[in-house]
Amino acid sequence: YGCLEQTVSSVFPQLFLKNLIALTVNEEKRTEKNVISAINRLKSFQHSNGGFGYWPQASYADDWATNYAGHFLLMADLNGFSIPSGMLSKWKEFQRQKAISWSYNAGYANDELVQAYRLYTLALARAPESGAMNRLLEKRDLSPGARWRLASAYFLTGKKEISLQLVKGVPVAVKSYNEMGGSFGSDLRDKAMILQTLVQLDLRTQANPLAREIMLALGQNDLRSTQEISFGLMAVAEYTGYREANGLSATVQQGTEAASSLKSDKPVVVHEVNITPGVKSALAVKNTGKGLLFARLVTSGIPAPGEGTE
């Protein structure tokens, strides 16, 4: 619908596609064009005070939208994209003022997570607001989601020990939920954010099963929100980059044909197989590498004349 959340979600994962799969020249150009288009479109969402509205020309800046847009712009900047002059500096000042003046609002869902995410983006922008971070750290009964995101903020400021203490004993499991407003959160979105922190803190024992859970969830045909897909793909990209760079090695054999060898330094490979309608054919995938290998078969086709449904 053209809102900020969907605008950012549609392009945020494209910043990391090149880390997941080998792209053709045309795919790289299309991805670059999409990101640049989104950056330019975001200018119409930004207010004079630096915050971002949920819709263009919105009457007020939305806290979660401002966090999300700023996070994307920071990562785009780190990936070599040009950000319009003043866009990030005005955003940082807005975030700083919001972080300093924040007080807990029990009536706003995920309010602690919103503040923790805000502090994380400021740390990512190399403008950490230490006083606000310490105040949130000292809050009693801080929600698990806020703890994980705040831990990432402390890690970015070089305080890994505080990060580890923050999440010590905190579960990675998230109760199923879907938020239709506010931060538009869900259990899958939050799990992806937790995985990002686990990767930063090198907590492999917890990261490995959570990464597999997220990958399986993204691979299902269930209807997912744009934010779930965005954070999920970001977390998976960071996770695969953090694991040992063993590359991918496998063979694929279809029926009695000779096996094809697949090798790549990327964690994802697409291999096309020929399917003859009405003819059964066995497909065997063998892992010849050192890491885990997940295989997924995706089929599509056109119904034969007279067999289609209206």
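The rules behind each value
- Residues numbered from 1 in each chain as written.
- Predicted model: local features only at pLDDT ≥ 70, side-chain atom pairs only at ≥ 80, totals over all residues.
- Heavy atoms only, no water.
- Helix = DSSP H or I, 4+ residues; strand = E, 2+ residues; numbered from the N terminus.
- Buried < 20%, exposed > 50% of the residue type's maximum accessible area, 1.4 Å probe, protein only.
- Lys, Arg positive; Asp, Glu negative; His and termini not counted.
- Salt bridge = Lys/Arg side-chain N within 4 Å of Asp/Glu carboxyl O.
- Contact = heavy atoms within 4.5 Å.
- 1 Å grid on protein atoms, 1.4 Å probe; cavity = no way out; pocket = protein on both sides within 12 Å on 5 of 7 lines; lining within 4 Å.
- Points joined across faces, edges and corners; volume = space filled by probe spheres on them.
- Nonpolar A, V, L, I, M, F, W, Y, C, P; charged D, E, K, R; others polar.
- Core = buried A, V, L, I, M, F, W, Y, C linked by side-chain atoms within 4.5 Å.
- Axes fitted to C-alpha atoms, helices over the stretch in contact; angles between N-to-C directions.
- Parallel < 35°, antiparallel > 145°, perpendicular 65-115°, else oblique.
- Left-handed = near helix turned anticlockwise from the far one by under 90°.
- Pairing = 2+ DSSP bridges.
- Patch = residues over 30% accessible without salt bridge, like charges linked within 9 Å, V, L, I, M, F, W, Y side chains within 5 Å.
- Areas by Shrake-Rupley, 256 points an atom, 1.4 Å probe, with all protein chains shown as cover.

## Examining the side chain of Asp 187
Then, in step 1: Within the element layout of this structure, Asp 187 appears in helix α10 (residues 187–200).
Then, in step 2: Comment: no salt bridge for buried Asp 187; closest opposite-charge side chain is Lys 191, at 4.2 Å.
Then, in step 3: If we skip the residues at most four places from it in the chain, Asp 187 touches Val 174, Lys 175, Ser 176 and Tyr 177.

## Notes on the layout of surface pockets
Regions of empty space are outlined by a rolling probe, equal in size to a water molecule, passed over the atoms.
Then, in step 1: Each pocket or cavity is described by its volume, and for the second largest pocket that value is around 410 Å³.
Then, in step 2: As for the second largest pocket, its lining consists of 19 residues, and the residues nearest its centre are Glu 179, Met 180, Phe 184, Ser 225 and Thr 226.
Then, in step 3: At the level of secondary structure, the elements contributing two or more residues to the lining of the second largest pocket comprise α1 (4–11) and α12 (226–242).
Then, in step 4: Sorting elements by how many residues they give to the lining of the second largest pocket places α12 first, with three residues.
Then, in step 5: By residue class, the composition of the lining of the second largest pocket is seven nonpolar, seven polar and five charged.

## Observations concerning the nonpolar core
Then, in step 1: In this structure, Phe 72 and Leu 150 are the most contacted members of the largest nonpolar core, which totals 72 residues.
Then, in step 2: For Phe 72, the residues in contact, after removing those within four places along its chain, are Val 8, Val 11, Phe 12, Leu 15, Val 35, Ala 38, Ile 39 and Leu 42.

## A look at the packing of helix α3 (residues 25–42) against helix α4 (residues 63–78)
Then, in step 1: The N-to-C vectors of α3 and α4 enclose an angle of 135°; their axes lie 11 Å apart at closest approach. When the axes of α3 and α4 are compared, the pair comes out oblique. For the crossing formed where α3 meets α4, the hand is left-handed. Touching Val 35, Ala 38, Ile 39 and Leu 42 of α3 are Phe 72, Leu 73 and Ala 76, all from α4.
Then, in step 2: Looking at the contact of α3 with α4, its residues break down into seven nonpolar, no polar and no charged.

## Focus on the sheet that holds strand β2 (residues 260–264)
Then, in step 1: Pairing within the open sheet is antiparallel, and its three strands lie in the order β2-β1-β3. The open sheet is flanked by β2 and β3 (283–287), the only strands paired with a single partner. The mean angle between the axes of side-by-side strands here comes to 20°, regardless of whether they run parallel or antiparallel.
Then, in step 2: With five bridges joining them, strand β1 (residues 248–254) and β3 adopt antiparallel strand pairing. Within β3, the position partnered with Val 252 by the bridge is Val 285.

## Examining a nonpolar patch on the surface
Then, in step 1: Among the surface-exposed residues, Leu 283, Val 285 and Leu 297 lie close enough to one another that they form a single nonpolar patch of about 270 Å² accessible area.
Then, in step 2: As for its position among the elements, Leu 283 is in strand β3.

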